[in-house]
Amino acid sequence: MDNDLILYQFSRSKVEQCDFSHFLSLYGPDKLPTGRRLREMMNRFVFCIEGYDSDPREIHSIPEVRRFYSAFHEAWPYWLYFCNLDMGNETLSMMMLCCLPSITAMQVDGQPNVAITYAPLDLLNFIKRDFMPMNAMCERAEMFERGIYDRSKAVFEYFGLPFDAEPPAPASSTLPHPAPGQPKIGRNDPCPCGSGKKYKKCCGKG
């Protein structure tokens, strides 16, 4: 699998019907791969909606679009893992705005685009709620702690939020081997390196 973006377009009729069944038939949780193939899908999805080009309203202020993305998010809450966060790509930001309970759009003199304001707590709650499904995908993709840390940092930076968490310390090669007289570490026990993963999926891998 190369690193090209995966562009998925929803038609206006599908939006109005709140129908994303075709997407789920391709990328629903039961259809997604694991391991390396899933890691290669991170940061590659771009979503768009066609059929509203002549509509003067901002896409995130159109009621049926807001309903659609809110329902889509409930059914597929893995946006923080899959959506492309590269500079200039506002897809995830637009989708997030559709899911917030309240937003305000203001036209600024001399500016072609409207300014969007919302309660910072609403954004934080959105991210907090989505970190659990994101981490579930990271675990399914068998990512190391550093990769999960980097993705979390990228999410916060994308939304312009401070991220002051310390990067994970590299696991010591001596940790998996218990000292003489110490109980042996079971493969399903928590890894002693402190990663939070099971030993068999961390330092005891292989």
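Above: the structure in question.
A few points on the structure. Keep in mind that what you see is a predicted model, and the values were worked out from it rather than measured.

1. Thoughts on the overall build of the protein
Reasoning step 1: Assigned secondary structure in the protein consists of eight helices and four strands.
Reasoning step 2: Taken from the N to the C terminus, the helices and strands of the protein come in the order β-α-α-α-β-α-α-α-β-β-α-α.
Reasoning step 3: A buried classification covers 37% of the 206 residues belonging to the protein.
Reasoning step 4: Partitioning the intrachain contacts of the protein with sequence separation of at least 6 by distance along the chain shows that 61% fall at a separation of at least 24.
Reasoning step 5: For the protein, the exposed surface amounts to about 12100 Å²; the carbon and sulfur share of it is 53%.

2. Side note on the pattern of salt bridges
Reasoning step 1: A complete count under the given rule lists six salt bridges for this structure.
Reasoning step 2: Asp55 is paired through a salt bridge with Arg57; the nearest N and O atoms lie 2.7 Å apart.

3. A short note on the side chain of Asp55
Reasoning step 1: With respect to the helices, strands and loops of the structure, Asp55 is situated in the loop between β2 (45-49) and α4 (63-75).
Reasoning step 2: When its relative accessible area of 16% is taken as the criterion, Asp55 is described as buried.
Reasoning step 3: Of the polar contacts made by the side chain of Asp55, one reaches the side chain of Arg57; its length is 2.7 Å.

4. Digging into α4
Reasoning step 1: Taking 1.5 Å as the rise per residue, α4 with 13 residues should run 18 Å; its terminal C-alpha atoms sit 19 Å apart, in good agreement.
Reasoning step 2: Within α4 the residues assigned to the buried category are Glu64, Val65, Arg66, Phe68, Tyr69, Phe72 and His73.

5. Focus on the packing of aromatic side chains
Reasoning step 1: Evaluated as defined, the whole model comprises 32 aromatic pairs.
Reasoning step 2: Each ring, one from Tyr8 and one from Phe23, has its centre 5.1 Å from the other, and the planes form 80°; the classification is edge-to-face. Of this pair, Tyr8 sits in strand β1 (residues 6-10) while Phe23 sits in helix α2 (residues 21-27), and the two are 15 residues apart along the sequence.
Reasoning step 3: Using a relative accessible area of 13% as the deciding quantity, one classes Tyr8 as buried.
Reasoning step 4: Ring geometry for Phe10 and Phe23: centres 6.3 Å apart, planes at 55°, overall tilted. With a gap of 13 residues between them, Phe10 in strand β1 and Phe23 in helix α2 connect regions that are remote in the sequence. Residues Phe10 and Phe23 agree in their burial class; the two are buried.
Reasoning step 5: Between the NZ or CZ atom of Arg12 and the centre of the ring of Tyr52, over which it lies, the distance is 4.1 Å.

Criteria and thresholds
- Residues numbered from 1 in each chain as written.
- Predicted model: local features only at pLDDT ≥ 70, side-chain atom pairs only at ≥ 80, totals over all residues.
- Heavy atoms only, no water.
- Helix = DSSP H or I, 4+ residues; strand = E, 2+ residues; numbered from the N terminus.
- Buried < 20%, exposed > 50% of the residue type's maximum accessible area, 1.4 Å probe, protein only.
- Contact = heavy atoms within 4.5 Å.
- Areas by Shrake-Rupley, 256 points an atom, 1.4 Å probe, with all protein chains shown as cover.
- Salt bridge = Lys/Arg side-chain N within 4 Å of Asp/Glu carboxyl O.
- Polar contact = N/O pair within 3.5 Å; in protein donor to acceptor, adjacent residues only side chain to side chain.
- Expected span 1.5 Å × (residues − 1).
- Phe/Tyr/Trp six-rings, centres within 6.5 Å; stacked < 30°, edge-to-face > 60°.
- Lys NZ or Arg CZ within 6 Å of the ring centre and 35° of its normal.

Keep in mind that these numbers describe shape and distance, not what the molecule does.
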